[in-house]
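Structure assessment
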Amino acid sequence: MSESLDDIQMDGANLYREDVFSDRRVGTIQRLTPVTANGDNDPSRPVRFLGQASLMTPGGSLPISFEIEADSLEAAVEQFGARAGEAVQDTLNQLQEMRREAASGLVIPGQGGGMGGAPGGGFGGPGGGIQLP
């Protein structure tokens, strides 16, 4: 960590008030209203909306967060489903890629590339055991 704990400070010029809206079924929308350091609304910066939903997986609930480009809560509610679907698909694509990377990094003794199956090439006989580089 390059910063010490004494260096951690809030950025008073980049503060937001958070309001959370939920239908208690599908997810939540956060409305981030920019405010000044004294808590007054800051009209020089745009209001932002963030959506949150959960994807159920065999390992449990996976939280999904995504930005919603909207100029009102009503518009954010209308866009929630489409943006959530895109975020879920992006997450599934990332998980697939992680699985592919993990699978391509596996080294299975006795499976090509090594010398485990060659006479005298490894310990433990053909198809397994310790392999020599």
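Scroll up to find the structure.
An account of the accompanying structure is given in this report. (Residues numbered from 1 in each chain as written. Predicted model: local features only at pLDDT ≥ 70, side-chain atom pairs only at ≥ 80, totals over all residues. Heavy atoms only, no water.)

Glancing now at the packing of aromatic side chains. With the rule as written, the count across this model stands at one aromatic pair. Between the NZ or CZ atom of arginine 45 and the centre of the ring of tyrosine 16, over which it lies, the distance is 4.9 Å. (Phe/Tyr/Trp six-rings, centres within 6.5 Å; stacked < 30°, edge-to-face > 60°. Lys NZ or Arg CZ within 6 Å of the ring centre and 35° of its normal.)

Ile29, Phe49, Phe66, Ile68, Ala70, Ala76 and Phe80 are the most contacted members of the largest nonpolar core, which has 13 residues in total. Secondary structure elements with two or more residues in this core: strand E3 (48-57), strand E4 (60-68) and helix H1 (73-104). Sorting elements by how many residues they give to this core places H1 first, with five residues. Once residues lying within four places of it in the same chain are set aside, the contact partners of alanine 70 are Val47, Phe49, Ala75, Ala76 and Gln79. (Core = buried A, V, L, I, M, F, W, Y, C linked by side-chain atoms within 4.5 Å. Buried < 20%, exposed > 50% of the residue type's maximum accessible area, 1.4 Å probe, protein only. Helix = DSSP H or I, 4+ residues; strand = E, 2+ residues; numbered from the N terminus. Contact = heavy atoms within 4.5 Å.)

With that settled, the discussion passes to the sheet that holds E3. The antiparallel open sheet is built from four strands, whose spatial order is E1-E2-E3-E4. With one partner strand each, in any of the chains shown, strand E1 (15-22) and E4 form the two edges of the open sheet. Averaged over all adjacent pairs, the angle separating strand axes in this sheet is 25 degrees, with direction ignored. In the sheet, E1 pairs with strand E2 (residues 27-35) via eight bridges, with the strands oriented antiparallel. Bridged to tyrosine 16 within E2 is proline 34. Lying on the sheet, H1 is in contact with E1, E2, E3 and E4; it crosses E4 at an angle near 125 degrees. (Pairing = 2+ DSSP bridges. Axes fitted to C-alpha atoms, helices over the stretch in contact; angles between N-to-C directions.)

Let us now look at the pairing of E3. Successive side chains on a regular strand alternate, one facing one side of the sheet and the next facing the other. As paired strands, E2 and E3 are joined by six bridges and run antiparallel to one another. Its bridge partner being in E3, arginine 31 is matched across the sheet by phenylalanine 49. Looking at chain direction, E3 and E4 are connected through nine bridges and run antiparallel. Looking at the pairing, threonine 57 lines up with glycine 60 of E4. The antiparallel pairing of E3 with E4 creates a hairpin that spans two residues between the two strands.

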